[in-house]
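Overview (structure and organization)
Single-letter residue listing:
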Amino acid sequence: MRRRLEASEELLSPFAARGRTSKGRREPEEPSPLRLEYQRDRDRILHTKAFRRLKHKTQVFIAPALDHYVTRLTHTLEVAQVARTITRALNLNEDLAEAAALGHDIGHGPFGHAGEEALAECLPEGFRHNYQSVRVLNVLENGGQGLNLMYETLDAIEKSSKAREDIFAVGWGVPATLEGQVVKVADAVAYVNHDIGDAVRAGLIRESDLPDAARRVLGTSKGARLNALVTDIVAASWPATGAGGVALPVIAFSPEVAAAVNELREFMFQRVYLYDSTRKEAERGKRVVIFLFEHFARHPELISPDYSLAGDPVERRAADYVSGMTDRYALRLARELGCSEALDWVT
Ligand code: MG
C-alpha cells in the first residue's frame, strides 16, 4: 500500500513537496504501512484537543450567539477546502496543504485577534498566533512531547500569516514550499469571503457596499468570488505544475485580481475589522484575557499541567494556558473569578 502511495507522490509536479525529499521529522520515525508522511501529520493535527477547541473560538465576531457565524473551526475547514482545490489543480501535494491548513490557526487564543493583542502586551517576548500554532503542535500537545510533525508542515503554519498591505508581502516569511504558499493565500481567500457574509449578517455592511472593482472583477456572491479567486490563482500559478520551464515558480494572483483582493481586504479592515463596535467588543475581550493572564501569573499552581511546561517561566506558562482557552471557557472562568468585564458581558 505504501509503495503504491509513494509511487503516486512521484507523479506530482516536480515542484511539489514529497516525503522522499523532505527535511523530515525532529525524531526519525518508522514509516506507516498505510499512510504517507503528510497524511500522518494531517491526522495527528485533526486528533488533537487544541483542534477541537477551535469550534468555540472567535473568528471575527466575538463569542457569537448565533449559529451561522463563522468560528475558527469552520474557517479552518474552509481554508483546507480552498487549499486542497488549488493544490490538486496544480498537481502539488494536497496532503501537506491540508495538514498545514488544519493547523494554521490552532494557536489562536480566545476572542480572535483581540486575545492575541492582549497576550502580546502581557509577554515580554510578545505573542503571535502563528508562532503559537507551531508551539502547540511542536511542544505542548501530546503531554508536552509535541506531535513530531514534518519540517514542511510546521514551516507552512509558521509562515501562514499575512501583512496588512498585501497578501503576498513577505511579512512573517515566505513558506519553503509551494504548498505553504497555497495555504497562505487560501487563508485570505477563505476569510475575506466568509467575513463579508458575517459582516452582512451583523448588519455592518451590505453586499452592495463592496468596492466596485471587487464586484466587477470577482462577482457579487460568495460562490462567484470563491470560484473567481481560486480559478485565477490556478491560472496565474500554472508554472507550479512544471509546465513552461520556469525555474522558481510561485503561487500568485493575476495583477487585476490581486488589486481587487487587496482593495477588498482594505475595505474589510476599515469597515469591519477596525470598526468601532467591533473594536469595542475586542477591547472587552482583551481585558478578559489580560485579567486571566494576570490571575494565572500570580497563581501558577492553578495552571493545568496539560497546557504548559513545568520548567517554563511563569508568564510563558500563563500565556500558554490562557491562549488555549475557548471564548466561552475564558468568559466563564473570568466570571467565576469576579472579573467585572466578564460579569456584565451578555452573550
Ligand atoms: Mg486563518
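Further up the page is the structure itself.
A short tour of the structure in this document, coming up. (Residues numbered from 1 in each chain as written. Predicted model: local features only at pLDDT ≥ 70, side-chain atom pairs only at ≥ 80, totals over all residues. Heavy atoms only, no water.)

**Quick word on the overall build of the chain**
The number of helices and strands found in the chain is 16 helices and 0 strands. The C-alpha atoms of the chain give a radius of gyration of 20 Å, which matches the 20 Å a tight globule of 347 residues would have. Taken over the C-alpha atoms alone, the chain extends approximately 65 × 55 × 35 Å along its principal axes. Sequence-distant contacts, at least 24 apart, represent 71% of the contacts inside the chain between residues at least 6 apart. When the accessible surface of the chain is totalled, it reaches about 15,400 Å², and 54% of it is carbon and sulfur. Taken as two groups, the 45 positive and 49 negative side-chain charges of the chain have centres that lie 3 Å from each other. (Helix = DSSP H or I, 4+ residues; strand = E, 2+ residues; numbered from the N terminus. Rg over C-alpha atoms; globule rule 2.2 N^0.38 Å. Contact = heavy atoms within 4.5 Å. Areas by Shrake-Rupley, 256 points an atom, 1.4 Å probe, with all protein chains shown as cover. Lys, Arg positive; Asp, Glu negative; His and termini not counted. Charge placed at Lys NZ, Arg CZ, Asp CG, Glu CD.)

**Brief notes about the coordination of the magnesium ion**
The protein atoms donating to the magnesium ion are His-75 (NE2), His-104 (NE2), Asp-105 (OD) and Asp-187 (OD), with metal-donor distances spanning 2.2 to 2.3 Å. Ordering the donors of the magnesium ion by residue number gives the pattern H-x28-H-D-x81-D. Accessibility assignment for this pair places His-104 and Asp-105 in one class, buried. (Donors = N, O, S within 2.8 Å, 3.2 Å for Na, K, Ca; no water. Buried < 20%, exposed > 50% of the residue type's maximum accessible area, 1.4 Å probe, protein only.)

**Focus on the nonpolar core**
Within the largest apolar cluster, 67 residues are counted, with the highest numbers of intra-cluster contacts made by Ile-45, Ile-251, Phe-253 and Val-272. Here this core takes 12 residues from helix H9 (residues 178–201), the largest share from any one element. Listed in part, the 27 residues of the second largest apolar core include Val-289, Ile-303, Ala-319 and Leu-331. (Core = buried A, V, L, I, M, F, W, Y, C linked by side-chain atoms within 4.5 Å.)

**Points about the packing of helix H13 (residues 276–298) against helix H14 (residues 314–323)**
Close contact between H13 and H14 brings their axes to 9 Å; oriented N to C, the two are set at 135°. Viewed along their axes, H13 and H14 adopt a mutual orientation that is oblique. Considering how the two elements wind past one another, H13 and H14 form a crossing that is right-handed. On the side of H13, the interface is formed by Val-289, Leu-292, Phe-293, Phe-296 and Ala-297, while H14 contributes Val-314, Glu-315, Ala-318, Ala-319, Tyr-321 and Val-322. Across the contact of H13 with H14, the residue classes tally to 10 nonpolar, no polar and 1 charged. (Axes fitted to C-alpha atoms, helices over the stretch in contact; angles between N-to-C directions. Parallel < 35°, antiparallel > 145°, perpendicular 65-115°, else oblique. Left-handed = near helix turned anticlockwise from the far one by under 90°. Nonpolar A, V, L, I, M, F, W, Y, C, P; charged D, E, K, R; others polar.)

**Structural notes on a positive patch on the surface**
Together, Lys-49, Arg-52, Lys-55, Arg-328 and Arg-332 give the surface a local cluster of positive charge. Breaking the positive patch down by element, the ones donating at least two residues are helix H3 (49–53) and helix H15 (327–336). For Lys-49, the position within the fold is in helix H3. Overall, Lys-49 belongs to the partly exposed group, its relative accessible area being 42%. (Patch = residues over 30% accessible without salt bridge, like charges linked within 9 Å, V, L, I, M, F, W, Y side chains within 5 Å. Salt bridge = Lys/Arg side-chain N within 4 Å of Asp/Glu carboxyl O.)

**Re the environment of Arg-206**
Looking at the secondary structure, you find Arg-206 in the loop between H9 and helix H10 (212–218). The exposure class assigned to Arg-206 is exposed, which follows from its relative accessible area of 56%. Taking the C-alpha atoms as reference, Arg-206 lies 8.7 Å from Ile-196; in sequence the two are 10 residues apart.

**Thoughts on H13**
Relative to the 33 Å expected for 23 residues at 1.5 Å per residue, H13 spans 33 Å between its end C-alpha atoms, a close match to the ideal helical length. Restricting attention to buried positions, one finds in H13 the residues Thr-278, Ala-282, Gly-285, Lys-286, Val-288, Val-289, Leu-292, Phe-293, His-295 and Phe-296. Buried residues belonging to H13 abut helix H6 (112–122), helix H12 (255–273), H14, H15 and helix H16 (340–343). (Expected span 1.5 Å × (residues − 1).)

**A closer look at the packing of aromatic side chains**
With the rule as written, the count across this model stands at 4 aromatic pairs. When the ring of Phe-269 is compared with that of Tyr-273, the centres are 5.2 Å apart and the planes differ by 85°; the resulting orientation is edge-to-face. With a gap of 4 residues between them, Phe-269 and Tyr-273 both fall in helix H12, about one helical turn apart. On the basis of relative accessibility, which here comes to 15%, the residue Tyr-273 falls in the buried class. (Phe/Tyr/Trp six-rings, centres within 6.5 Å; stacked < 30°, edge-to-face > 60°.)

**Focus on the pattern of salt bridges**
A full pass over the atoms with the stated rule returns 33 salt bridges. Between Arg-40 and Glu-29 there is a salt bridge, with the nearest N and O atoms lying 3.7 Å from each other. Taken together, the residues span a long stretch of sequence, with Arg-40 in helix H2 (residues 37–46) and Glu-29 in the loop between helix H1 (2–10) and H2 at a distance of 11 residues. Judged by relative accessible area, which is 32%, Glu-29 ranks as partly exposed. Residue Asp-312 is joined to Arg-135 by a salt bridge in which the shortest nitrogen-to-oxygen separation is 2.8 Å. Linking Asp-312 in the loop between H13 and H14 with Arg-135 in helix H7 (residues 129–144), this pair joins segments that are 177 residues apart in sequence. Accessibility expressed as a relative area gives 23% for Asp-312, which makes it partly exposed. Taken together, the shared-partner salt bridges in this structure form one network comprising Arg-35, Arg-42, Asp-43, Arg-84, Arg-88, Glu-94, Asp-95 and Glu-98.

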